[in-house]
Amino acid sequence: MAPHNRADSAPLPSVRWTGGIDGRLILLDQTRLPLEETLIECRDVDALVEAIRALRVRGAPAIGIAAAYGICLAAAALPDSDDRLQWRSALADARAQLAASRPTAVNLFWALDRMTRVVEECITDSCVSQSDLRQRLLDEAHAIREEDRRMCHAIGRFGAELLPPSAGVLTHCNAGGLATAEYGTALGVIFTAHDQGKSIHVYVDETRPLLQGARLTTWELAQHGVPHTLICDSMAAQVMREGRVQAVITGADRIAANGDAANKIGTYGLALLAEAHHIPFYVAAPSSTFDLQLPDGDAIPIEQRSADEITCGLGRRTAPRGVEVYNPAFDVTPARLIAGLVTERGVIAPVSPDAIRKVLARPQ
Ligand code: MRU
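Within each chain, residues carry numbers counting from 1 in the order of the written sequence. Side-chain atom pairs in this predicted model are given and counted only at pLDDT of 80 or more, local residue features only at pLDDT of at least 70, and totals for whole chains, interfaces and linings cover all residues. Think of the side-chain values as coming from all heavy atoms in the structure, minus any hydrogens and water.

**Q** Explain the nonpolar core to me, please; I cannot follow it from the model alone.
**A** When a protein is soluble and globular, its nonpolar side chains tend to lie buried together. We define a nonpolar core as any set of buried Ala, Val, Leu, Ile, Met, Phe, Trp, Tyr and Cys residues linked to one another through side-chain atoms lying within 4.5 Å. To sort residues, take the accessible area from a 1.4 Å probe on protein chains only and compare it with the maximum for the residue type: under 20% means buried, over 50% means exposed, and anything in between is partly exposed. Counting 46 residues, the largest nonpolar core has Val-15, Leu-25, Leu-27, Tyr-69 and Leu-137 as the members making the most contacts within it. A helix here means a DSSP run of H or I that spans at least four residues, while a strand means a run of E at least two residues long, and both kinds are numbered starting from the N terminus. Where this core is concerned, the elements lending two or more residues are strand 2 (15-18), strand 3 (24-28), strand 4 (38-42), helix 1 (45-53), helix 2 (60-76), helix 3 (84-99), helix 4 (106-124) and helix 5 (130-160). For Leu-27, the residues in contact, after removing those within four places along its chain, are Ser-14, Val-15, Thr-38, Leu-39, Ile-40, Cys-42, Leu-48, Ala-51 and Val-57. Of all hydrophobic cores here, the second largest spans 28 residues; its members include Leu-270, Ala-274, Ile-279 and Leu-337. Note on contacts: a residue pair is in contact if any heavy atoms of the two residues lie within 4.5 Å.

Take a look at the structure:
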């Protein structure tokens, strides 16, 4: 992976492909934000897997888009040969490697399934050459990215209707343009409401342990000119009690068939606080984040991350060596605490399995 330092000041997409079928994947390294805007180049699947695990690229939709391009990197690396079984086996290996990078965000598996379908169509059609295969995979990855971009803007439009003309809105983690193709889900709602002239003030949870709120959400809100205030996660209850918050909105990594939603650790606690203060709690996510195979949130796999993120997360050790640590990266908010699920096909409210199926079945 070759680092590039950014020279210009135009907004940078989190995930971008450059060139044609032999191109490269360019990521904005989110671990370096907000201090440095550094682009990294992924030339192979190993480099991309490292980038996903290290959260250089992060956020459910962005991980899915990056993984789709990962299959394009693997296709570009296929040895020149007409052996279709060899194509299938090499691309299946790449898929398995990418699928093992992070377990919770279903968008990763959704995007890999789409790429696998294209592989299978190409392999079973004897008229498809190796370069056709590469082109079709690249077209599919571009389509996944473009669809996500459009879904985020639609989510923004539906969600903005839920916010009053003047509101304090609390958000957690980062569900903005960095976590998606562009614009974001929860932040897309906030950006749209702000652009419509609503007076929105955002309270940003810093989001321990990796500070996606403090580092990334504040950076995006500042770029968009949305007024905001950074708080420690532990301050949310007091901020609500003081009457500063009229809505809470977050993204999601996987939503089960009954509406239980996995998102960054701390989201469940916020939903409970919102209920206690009679504040609506919304989750904004595209249809690619729903996993209708899972009946409820108990079946959502929760990623466990390294103890170092808690004991040495701020660049210096903050706990005794050898202390026992528990570091689940996500939690599950039960559907009963969610006032509405904002999707690109409309708002699901009240949340129920039937309402989810009905709204997701709407044409886009
Ligand atoms: O560990 P992260 O930073 O990838 O976690 C991201 C989140 O929890 C986001 O809220 C979620 O992926 C939605 S992004 C539109």
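**Q** In this structure, what is going on with the environment of Leu-360? I would like to understand it.
**A** Its place among the elements puts Leu-360 in helix 11 (residues 353-360). For Leu-360 and Asp-82, which are 278 residues apart along the polypeptide, the C-alpha to C-alpha distance reads 40 Å. Setting aside chain neighbours within four positions, we find Leu-360 in contact with Ser-287, Phe-290, Leu-292, Thr-343 and Arg-345.

**Q** In this structure, what is going on with the site of the ligand? I would like to understand it.
**A** As a matter of local geometry, the ligand sits amid 18 residues, with Arg-58, Ala-60, Arg-102, Asn-263 and Lys-264 nearest to it. The separation between an oxygen atom of the ligand and a polar side-chain atom of Arg-102 is 2.8 Å. Each accessible area value is a Shrake-Rupley result obtained with a 1.4 Å probe; residue values ignore everything except the protein chains displayed when judging cover. Here the ligand has 420 Å² of accessible area as a free molecule, and 100% of this is covered by the chains. If you list the elements that add at least two residues to the shell around the ligand, you get helix 2 and strand 10 (261-264). Here the residues of the shell around the ligand are counted per class, giving eight nonpolar, six polar and four charged. Among the domains, domain 1 (2-152) and domain 2 (156-360) are the pair contributing at least three residues each to the shell around the ligand. It suffices for a single heavy atom of a residue to lie within 4 Å of a molecule or strand for the residue to be listed as near it. Any N or O atom pair separated by 3.5 Å or less is treated as a polar contact, with the protein-specific requirement of one donor-capable and one acceptor-capable atom, and with residues adjacent in sequence counted only for side-chain atom pairs. Residue classes follow a fixed rule: Ala, Val, Leu, Ile, Met, Phe, Trp, Tyr, Cys and Pro count as nonpolar, while Asp, Glu, Lys and Arg count as charged, and any other residue, Gly among them, counts as polar. Boundary definitions for the domains trace back to an automatic or database domain assignment.

**Q** What is the right way to look at the confidence of the model for the protein in this model?
**A** Detailed conclusions should not be drawn from predicted coordinates in areas where pLDDT is low. In predicted models, pLDDT denotes the confidence assigned by the predictor to each residue on a 0 to 100 scale. Per-residue confidence for the protein gives a mean pLDDT of 96, with 97% of residues at or over 70. Put simply, strand 1 (residues 2-5) is where the protein has its lowest mean pLDDT, 45, and strand 11 (residues 281-284) is where it has its highest, 99. In the predicted structure, residues 1-9 sits below a pLDDT of 50 and forms 18 contacts with residues beyond four places in sequence or in another chain.

**Q** What exactly am I supposed to notice about unusual backbone geometry here?
**A** Most peptide bonds adopt trans geometry, and most residues besides glycine take a negative phi value. Here the amide bond leading from Leu-33 into Pro-34 is cis, since omega sits at 5°, within 30 degrees of zero. Along the chain, Ala-349 connects to Pro-350 via a cis peptide bond; the corresponding omega equals -5°. A positive phi is found at Leu-55, a non-glycine position, where the angle reads about 65°. Along the polypeptide, Leu-55 turns up in the loop between helix 1 and helix 2. Of the residues examined, Leu-55 reaches a relative accessible area of 6% and is grouped as buried. Its identity is not glycine, yet Cys-173 carries a phi of approximately 65°, on the positive side. In this structure, Cys-173 sits in the loop between strand 5 (166-171) and helix 6 (186-195). Taking relative accessible area as the criterion, Cys-173 reaches 7% and is therefore assigned buried.

**Q** Explain the domain arrangement of the protein here, please?
**A** A common way to express how large an interface is: the accessible area buried when the components associate. Along its sequence, the protein is organised into domain 1 (2-152) and domain 2 (156-360). Opposite the 28 residues of domain 1 that make contact, domain 2 presents 35 residues. Taken as a group, Arg-58, Thr-104 and Cys-152 account for 25% of the area that domain 1 buries against domain 2, more than any other trio of residues on that side. In this structure, the connection of domain 1 to domain 2 is made through 19 residue pairs in polar contact (both at pLDDT 80 or more). Among the secondary structure elements, those contributing two or more residues to the side of domain 1 that touches domain 2 are helix 2, helix 4 and helix 5. Counting residues per element, the side of domain 1 that touches domain 2 draws most heavily on helix 5, which supplies five residues. Accessible area that two parts lose when put together, evaluated with a 1.4 Å probe and summed over both, is termed the buried area.

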